[in-house]
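# Summary of structural features
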Amino acid sequence: MSAVDPGKMPDENGFFGEYGGRFVPPELEGVLEEITDAYNAIKDTAEFQEELAYYGKHYIGRPSPIFHAKNLSRTVGGAQIYLKREDLNHTGAHKINHCIGEALLAKKMGKKKIIAETGAGQHGVALATAAALVGLECDIYMGEVDIQKEHPNVVRMKILGARVVPVSHGLKTLKEAVDAAFEAYLKDPVTQLYAIGSVVGPHPFPMMVRDFQKVIGEEAKKQFQETSGGSLPTALVACVGGGSNAMGLFTAFLDNDDVELYGIEPSGTDVEEIGKHAATITKGAPGLLHGFKCYNLQDEEGTPHPVYSVASGLDYPGVGPQHSYLHDIQRVKYRHIGDEEALTAFFELARAEGIIPAIESAHAVAFAQKLARTLPSDATVLVNLSGRGDKDIDYVVEQYGSSFGITL
Ligand SMILES: Cc1ncc(COP(=O)(O)O)c(C=O)c1O
């Protein structure tokens, strides 16, 4: 057993070691305390757990299967690659796992509206979906660059009845969308609930979102053991934006010291140059961002660096506080994959297995391929396929199609 006890983290102030916490204006302090109290009061009740399990099974389609990617493994050589198919969830990604939880909580707290930021649009679509399901209004803040890039998801959010609020300042991507959503939340924290899209933000969000996502790893552990005669995977791999799909997969395995855990950050077009990547743990340092302490990419005054990745869901200058902690204690290894490697993996998975991954998830696939090559054939690598690529196909083909032999 390792020193990490996920059941005991964070502490009552929301700290994972030195990371996390709540660094917010006084007017937000009470509101966040109210959310923490409401969540703590219901989280372990049979009624709430049954409700989550019901929607998990009958609405999201859980458990998501594990697929042995034999063709991909054969082309790579080395270890066998398995995929946890979160791409098969209703709305096409893992984000729906925490959105249902957050929407149910908002409803129980008597809120009228649920608001959030989105990058790739997956969290926005999932939240708009959950809002429609439980009967809440929904506002989604999204950078104008991402609105262009992720057009199909913008249309889906509007069909679902959400209001998509364009954010036009700064780089017009995920960080600015978070700024704008926080600002809107501060204006009316009484009738609205901010349903953050990852394991980031002030306490209790990193804890709450992780709790809603940890079903991924709980299922995966059981499913893998059933098919392997009781053994666990050699390694787990997940992409890391804020880090929710990775925490979702890793949490159930944190105490299994013999299972190696890899979090994959986006190194964009150049990991050595500011503004060309979002490799937060690889290149960042501890500091404050959006009300919590974490590794982040920032200058000496604490102003966040511009960040970039081909994957809109990964270009955030911070990362979840639990990831920051797991990096420091070396329980999880954080590595990076660039645009080109991710795009190659995107096409290779599509052509080897008939599965088009989200460009975010393709970062994890690319690293799994690299890792598999270094391992023996009886080793196993389980990748969290966090989402499907429907949202990305227009952009990817328009920008990079010709490099992969596609002309339209
Ligand atoms: C499919 C997919 N995977 C991964 C991510 C990254 O988020 P997180 O690191 O919170 O899992 C996103 C974010 O939008 C996403 O849409």
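Because the structure is predicted, anything quoted here is derived from the model rather than measured. (Residues numbered from 1 in each chain as written. Predicted model: local features only at pLDDT ≥ 70, side-chain atom pairs only at ≥ 80, totals over all residues. Heavy atoms only, no water.)

Here the focus is the packing of aromatic side chains. Overall, the coordinates contain 13 aromatic pairs when judged by the stated rule. With a centroid separation of 6.2 Å and an interplanar angle of 65 degrees, the aromatic rings of Phe48 and Phe212 are classed as edge-to-face. With a gap of 164 residues between them, Phe48 in helix H2 (residues 46-60) and Phe212 in helix H9 (residues 205-213) connect regions that are remote in the sequence. For Lys221, the ring lying beneath its charged end belongs to Phe253, and the centroid distance is 5.5 Å. (Phe/Tyr/Trp six-rings, centres within 6.5 Å; stacked < 30°, edge-to-face > 60°. Helix = DSSP H or I, 4+ residues; strand = E, 2+ residues; numbered from the N terminus. Lys NZ or Arg CZ within 6 Å of the ring centre and 35° of its normal.)

Now for the pattern of salt bridges. This structure, assessed with the given rule, holds 22 salt bridges. Between Lys391 and Glu360 there is a salt bridge, with the nearest N and O atoms lying 2.7 Å from each other. Residue Lys391 is located in the loop between strand E14 (380-385) and helix H16 (393-400), and its partner Glu360 is located in helix H15 (residues 359-373); the two are separated by 31 residues in the primary sequence. Here Lys391 matches Glu360 in class, with each residue buried. (Salt bridge = Lys/Arg side-chain N within 4 Å of Asp/Glu carboxyl O. Buried < 20%, exposed > 50% of the residue type's maximum accessible area, 1.4 Å probe, protein only.)

Feature annotation in UniProt assigns "modified residue: N6-(pyridoxal phosphate)lysine" (unreviewed entry) to the following positions: Lys95. Take Lys95: it is sitting in helix H4 (residues 95-108). Residue contacts for Lys95: discarding those within four places in its chain leaves Gln122, His123, Ala126, Gly197, Ser198, Gln213 and Ser244. (UniProt positions renumbered as here; feature names shortened; annotations may be inferred. Contact = heavy atoms within 4.5 Å.)

As a further point, take unusual backbone geometry. Glycine aside, a negative phi is what most residues show, and trans is what most peptide bonds show. Arg62 connects to Pro63 through a cis peptide bond whose omega is 0 degrees. One can find Pro63 in the loop between H2 and strand E3 (66-68). For the peptide bond that leads from His203 to Pro204, omega is 20 degrees, which places it in the cis range. Along the chain, Pro204 turns up in the loop between strand E8 (192-194) and H9. At Lys172, a residue that is not glycine, the phi angle is positive and equals roughly 60 degrees. If you trace the backbone, Lys172 turns up in the loop between strand E7 (163-167) and helix H8 (174-187). According to the relative accessible area criterion, Lys172 is partly exposed, its value standing at 29%. For Gln330, which is not glycine, the phi dihedral falls at a positive 60 degrees. Relative to the helices and strands, Gln330 resides in the loop between helix H13 (321-328) and strand E13 (332-338). With relative accessibility at 69%, the residue Gln330 sits in the exposed group.

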